[in-house]
Amino acid sequence: MAFWDNLFRGGAAQFDSGSAASNSIELTKRRPAVSLTKQGAATGNLRVNLSWRMRTSDIEGRSRSGGSLLRNPLKMFQPDLVQAHTQGMVNVDLDLGCLYELADGSKGVVQPLGGFFGSLNEAPYVRLSGDDRFGAPSGETIFVNLDRREDIKRLLFFVYIYDQTPAFDRTHATCTLYPSNGPRVEIELDERAPEARSCAVFTVDNSAGELVVRREVKFVYGFQAELDRLYGWGLQWGRGYKTRA
């Protein structure tokens, strides 16, 4: 969302109708929710994508040439951002997951760890497309079958950093929702929590037939079990491991 949009709107509306220039809605602390139902986007497949980028200072350290710093001394306080798109550039492994609770009371998780990829056309109607370990341009994507929305009670989308990777304060991540109709919805993980390992990004609640997306962006210092306790899911968790890529 552009700066000028906020300037002229004055923050009056509870639900942002999106930026005409970018065809997007940005959920923030001041505007944390959007109704997919009211947007006419509560059908078809909802695509949720996680992408991230790193600071060059985290990849190269402060190894810039002395001449460059002399010409532009303020640059040392403004590290550039680059896309983390290749394995050789930086070792980052962010994972996108989804806790689900269905209308019949069944609960579970869709995530790369453990190979819980879910299913789109049968319960839980949530499907992870794959596990991106190297920050590919496409990132990681989860699909939700909103044609079965009456079977879905609530969803919690979360991101966690796998072992031995940089912390969230050095990883700029964005979750983008692509409904079947209307503008996309963007949520930035823009709050810094250096020691956090997981982040509850947003929820999707089905209340009285209305699907509402609500920004959370709550960092925790543990993993899925701590997110579970925070949101009252009640699942049993164990230590998980990944096979080598």
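What you see is a predicted model; the values in this text were computed from it and never measured.

## Describing the overall build of the protein chain
Move 1: Regarding its fold elements, the protein chain presents four helices and 14 strands.
Move 2: Within the protein chain, the fraction of its 245 residues that count as buried is 46%.
Move 3: Partitioning the intrachain contacts of the protein chain with sequence separation of at least 6 by distance along the chain shows that 66% fall at a separation of at least 24.
Move 4: Element-wise, carbon and sulfur atoms account for 49% of the exposed surface of the protein chain, whose accessible area totals about 12500 Å².

## Section: the pattern of salt bridges
Move 1: Tallied over the full model, the rule gives six salt bridges.
Move 2: Glu 101 is the salt-bridge partner of Arg 154, the closest N and O atoms lying 2.6 Å from each other. Placement of Arg 154 in strand E10 (residues 152–161) and of Glu 101 in strand E5 (residues 94–102) is noted, with a sequence separation of 53 residues between them. With respect to burial, Arg 154 and Glu 101 carry one shared label: buried.
Move 3: Note that Glu 216 and Lys 218 form a salt bridge whose closest N and O atoms lie 3.5 Å from each other.
Move 4: Looking at Glu 216, the relative accessible area reads 14%, which means it is buried.
Move 5: On the accessibility criterion, Lys 218 (39% relative accessible area) is partly exposed.
Move 6: If you follow the salt bridges from partner to partner, you end up with Glu 101, Lys 153 and Arg 154 in one network.

## Here we look at the confidence of the model for the protein chain
Move 1: Confidence in the prediction of the protein chain, expressed as mean pLDDT, is 77, and 65% of residues score 70 or more.
Move 2: Across residues 132–137, where pLDDT falls below 50, the model places 24 contacts with residues more than four positions away in sequence or in other chains.

## Observations regarding the sheet that holds strand E6 (residues 107–110)
Move 1: Taken in spatial order, the six strands of this open sheet run E2-E14-E13-E10-E5-E6, and their pairing is antiparallel. Strands at the two margins of the open sheet, each flanked by one partner only, are strand E2 (33–35) and E6. Pairs of neighbouring strands in the sheet enclose a mean axial angle of 20°, with direction left out of account.
Move 2: Here strand E13 (residues 198–207) pairs with strand E14 (residues 210–220) via nine bridges, running antiparallel. Following the sheet pairing, Cys 199 is matched in E14 by Phe 219.

## Some remarks on empty space enclosed by the protein
Move 1: Tallying each qualifying case throughout the model produces one cavity of 30 Å³ or more.
Move 2: Estimated volume of the largest cavity: approximately 30 Å³.
Move 3: Forming the boundary of the largest cavity are Ile 25, Val 34, Leu 36, Gln 39, Ala 41, Pro 179, Asn 181, Gly 182, Pro 183 and Val 185.
Move 4: Tallied by class, residues from the lining of the largest cavity come to seven nonpolar, three polar and no charged.

## Details of the nonpolar core
Within soluble globular proteins, side chains that are nonpolar tend to cluster in buried spots.
Move 1: Ranked by size, the top nonpolar core spans 44 residues in total, and within it Leu 155, Phe 157, Val 159 and Phe 202 carry the most contacts.
Move 2: If we skip the residues at most four places from it in the chain, Phe 157 touches Val 48, Leu 96, Gly 97, Cys 98, Ile 142, Val 144, Cys 199, Ala 200, Val 201, Phe 202 and Val 204.

## A few points about unusual backbone geometry
Move 1: Between Ala 123 and the following residue, Pro 124, the backbone shows a cis peptide bond with an omega angle of 15°.
Move 2: Topologically, Pro 124 is positioned in the loop between strand E7 (118–119) and strand E8 (126–128).
Move 3: Backbone geometry places Tyr 125, a non-glycine residue, at a positive phi of 65°.
Move 4: Here Tyr 125 shows up in the loop between E7 and E8.
Move 5: Positive phi, normally seen in glycine, also occurs at Val 217, with a value near 45°.
Move 6: Looking at the element boundaries, Val 217 is found in strand E14.

Rules and cut-offs
- Residues numbered from 1 in each chain as written.
- Predicted model: local features only at pLDDT ≥ 70, side-chain atom pairs only at ≥ 80, totals over all residues.
- Heavy atoms only, no water.
- Helix = DSSP H or I, 4+ residues; strand = E, 2+ residues; numbered from the N terminus.
- Buried < 20%, exposed > 50% of the residue type's maximum accessible area, 1.4 Å probe, protein only.
- Contact = heavy atoms within 4.5 Å.
- Areas by Shrake-Rupley, 256 points an atom, 1.4 Å probe, with all protein chains shown as cover.
- Salt bridge = Lys/Arg side-chain N within 4 Å of Asp/Glu carboxyl O.
- pLDDT = per-residue confidence, 0-100.
- Pairing = 2+ DSSP bridges.
- Axes fitted to C-alpha atoms, helices over the stretch in contact; angles between N-to-C directions.
- 1 Å grid on protein atoms, 1.4 Å probe; cavity = no way out; pocket = protein on both sides within 12 Å on 5 of 7 lines; lining within 4 Å.
- Points joined across faces, edges and corners; volume = space filled by probe spheres on them.
- Nonpolar A, V, L, I, M, F, W, Y, C, P; charged D, E, K, R; others polar.
- Core = buried A, V, L, I, M, F, W, Y, C linked by side-chain atoms within 4.5 Å.

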